[in-house]
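Close look at the chain arrangement
In case you want the letters, here they are:
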Amino acid sequence: MKASVLERFKSQGRSILAEVEAKEVLREAGIPVNETLIARTREEAVSLGMKLGFPVVLKIVSPDVLHKTEAGGVRLNLSGPEQVGEAYEKIMAGILERYPRARVEGVSVQRMVSGGTEMIVGMTKDPQFGPMLMFGLGGILVEVLRDVCFRIVPLTEIDARDMITGIRGYPLIRGFRGSAPVNEDAVVDVLMKLSDFIDGHPEIEEMDINPLMAAGNGVIAADARIVLAPKA
Amino acid sequence: MTETETTMSERLDLFFHPRSIAVVGASNTPNTFGYLFMDYLVKAGYRGALYPVNPRNGEVLGFKSYPSLKDVPGDVDYVISCVAAGHVPELIRQCPAKKVRGVHLFTARMSETGDEEGRRIEQEIASEARRLGLILLGPNCMGLYHPGEGISYAYGLPGKPGRVGGIFQSGGLSINFIRYASLRGVAFSKVVSYGNASGINESDLLEYLAGDRETGLIVMYIEGVRDGRRFFKALREAAAVKPVLVLKGGKTGAGNRSTFSHTASIAGSTSAWEVLFRQCNAVQAADLDELVDLTVAFNFLPEITGKRVGVIGGSGGKVVLSADECEQAGLEVADFPEDVRGLIREREPRLENWLGNPVDFSILSGSGLMPGELMQIMARSSGFDFLICNVTEENPFDDIMWSQLITMETNEYLNILSAGIKPIVATVANPGLGMSHTGELRWRTLLEKREFLASHGIAVFSSVRGAATSVSKLVNYFLNRKRMQAGGAK
């Protein structure tokens, strides 16, 4: 019963899984993801927005556009059908202007998750010790201060907790000056499930869940990408 | 592996307890390695059968010599090879007939040279040994130091066995380490120098020492590992059972792989070794000096799981600096608890609010409270997890009284130690004494005290920094181990 999503992508010889596909894989691994669907027309984008519930986020889906925000391919906080329609047109026009030769599959539509603490969870392979998971706070804390914590897979639950408490920005996770605390158990759960999943899938080379957002009483993967080893 | 097969650790244990040793390439020429390996065994007092093998000599160091391994009468458990690489394949083939358990290849000039022929012959030897079921130690290594069996790979290593086990990728460094640590009263169960690790490697040895009843703590020097995944598992499991102290030599060649994900680009700047050691609860030493200090701490101290330190001895600025060092190392220089204050009040009401932690002994002069009494009071208080005692080098008195006071102080350390009421470490400064200084009473006395304390089972350090850093790491090790055990039981 494991004709998995990952198997399907592997058999297609895929090596880079962008947001929509990466989230499919993560959902299968048991990670809560922000449901993300692809629209190929303006009308489809609007109807998906209504289906998912506003506000929504639109992002360009193209194998040739890696840095979506810089390319003008991301529109946040769209609160109704008209805004979604306009955003769709703007994204498409912008991409056409900047990347006239890009292959464009459409735009992804997902509910906007906002307000919660942004975290990053990632995975890479060390040449000596194999897969390692990373945890940190999103935004400038990871970009500038590299305030992250690594552990080698497979993790124990203590390892997962140490990754969270091991970053200097941990007080922000605990809740700082009125910000809501992050549900640490939910983060531990994500790390443990990822550890198991990665341990069972040596073909996964790299992964980013960026951001993993605190939402409600849990966390949710709001964007992700996965790199698979090239087929032998 | 099936139930009836012996494990690698069981095989290593037999290999490391040989009833007979053959030194192949043995020689009568002093200061050749064929001579030295024979002489090391003789001087270390090896009690098993010793067979020099050499085609030319009838006797080596008074032992009857044999032209080849197969000519040795009876079985040979352990072979030391000092012959050139080209002769090793033939030697390996002769081993099964003599029921050899394993071969230590001091023989070098193989893969470490980087040339193709060296690599080829090393591989050929390793695969042949594997096929014949022989343990292979090396090549390019000093082999085994096992004082309990009278086996050594250098002159003048201590003959008394102890509880520290060593795994060293560099044989030369291991000898430095053994000498330095033994000056501090540390003794060894066995130390293995394993060189190129084409046969048994660091993970085999770690698994073995983790289960070895002669070994209470493990010290490692590594530059690289053969199989990182296996090492991770072996290190995690070993450190869960007994302390593993590690010195890592050489920086990782993290390289500049092109990366796609954010995670991978950040990982390139992070030391995976640091992650490994932290995750496995291995205790990392910054350098060789710290490795020795840590070995002293883990060898002599019991399990300490609190960081409240009582700092005692010395006077004035030295005491203040000691407290600073402790705090910087992550220890807590705790206030005198009420029970201690109460006892001081009973003895010397004037000192109740003057004395505090760190304890400046000069405050006691002229009072009715003796340094020894105060030490006892602190040792018996539950307000401290351990004591760091600085031998008070400076007092204003003449030689006789000066040395009497020092003797009283150090004797009190032993009283506390033997009463088993509080873990205690001592510091005696070592400002770089030379031979000529031992003629002066002051320096000779301090050297004698140092040796006296170490030989009576006290962890002695040259600096408060060394003591505080080591004990802090020791406490962290035991706290982490407890936490991991509790977490694992969930």
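Residues numbered from 1 in each chain as written. Chains lettered and ligands numbered in written order. Predicted model: local features only at pLDDT ≥ 70, side-chain atom pairs only at ≥ 80, totals over all residues.

**Thoughts on the overall build of chain A**
Scanning chain A for helices and strands turns up eight helices and 11 strands. For chain A, whose C-alpha radius of gyration is 18 Å, the value lies close to the compact-globule estimate of 17 Å for 232 residues. With the principal axes as the frame, chain A shows a C-alpha extent of 50 × 50 × 35 Å. For chain A, the proportion of its 232 residues judged to be buried stands at 44%. Summarising the internal contacts of chain A: among those between residues at least 6 apart in sequence, 61% fall at separations of at least 24. (Helix = DSSP H or I, 4+ residues; strand = E, 2+ residues; numbered from the N terminus. Rg over C-alpha atoms; globule rule 2.2 N^0.38 Å. Buried ≥ 20, exposed ≤ 12 C-beta atoms within 10 Å, placed from the backbone. Contact = placed C-beta atoms within 7 Å.)

**Remarks on the sheet that holds strand β2 (residues 49-53) of chain B**
Residues and elements named next belong to chain B. Taken in spatial order, the five strands of this open sheet run β2-β1-β5-β6-β7, and their pairing is parallel. Either end of the sheet is taken by a strand with one partner, and the two such strands are β2 and β7 (135-137). Taken pair by pair, the neighbouring strands of this sheet meet at an average axis angle of 20 degrees, ignoring direction. Pairing of strand β5 (residues 78-81) with strand β6 (residues 102-105) involves four bridges; the strand directions are parallel. Bridge assignment links Ile80 to a residue of β6, and that residue is His104. Strands β1 (20-24), β2 and β5 of the sheet are contacted by helix α2 (residues 33-44), whose axis makes an angle of about 160 degrees with β1. (Pairing = 2+ DSSP bridges. Axes fitted to C-alpha atoms, helices over the stretch in contact; angles between N-to-C directions.)

**Some remarks on the domain arrangement of chain B**
Residue and element names in this part refer to chain B. For chain B, the domain assignment lists domain 1 (8-138), domain 2 (145-300) and domain 3 (308-483). On the side of domain 2, 20 residues touch domain 1, which itself brings 22 residues to the contact. Here the element with the most residues in the side of domain 1 that touches domain 2 is α2; it accounts for four residues. In terms of residue class, the side of domain 1 that touches domain 2 is built from 13 nonpolar, five polar and four charged. (Domains from an automatic or database assignment. Nonpolar A, V, L, I, M, F, W, Y, C, P; charged D, E, K, R; others polar.)

**Let's talk about the pairing of β5 of chain B**
When a strand is regular, its side chains alternate between the sheet's two faces. Residues and elements named next belong to chain B. Alternating residues of β5 divide into Tyr78 and Ile80 and Val79 and Ser81, and every residue in both groups is buried. Here β1 pairs with β5 via four bridges, running parallel. Bridge pairing links Ala22 to Val79 in β5. Regarding topology, helix α3 (residues 88-94) serves as the crossover connection from β5 to the parallel β6, and that connection is right-handed. (Right-handed = clockwise from strand over helix to strand, strands pointing away.)

**Topic: the confidence of the model for chain A**
Per-residue confidence for chain A gives a mean pLDDT of 91; residues scoring 70 or more make up 98%. Averaged pLDDT values over the elements of chain A bottom out at 74 in helix α5 (residues 140-143) of chain A and peak at 98 in helix α8 (residues 184-199) of chain A. (pLDDT = per-residue confidence, 0-100.)

**Concerning the nonpolar core**
Among the nonpolar cores identified, the biggest contains 218 residues, and Leu58 of chain A together with Leu245 of chain B are the most heavily contacted of them. Here Leu58 of chain A is in contact with Ala45, Arg75, Leu78, Val84, Ala87, Tyr88, Ile91, Val107 and Val109 of chain A, once residues within four sequence places are set aside. (Core = buried A, V, L, I, M, F, W, Y, C linked by C-beta atoms within 7 Å.)

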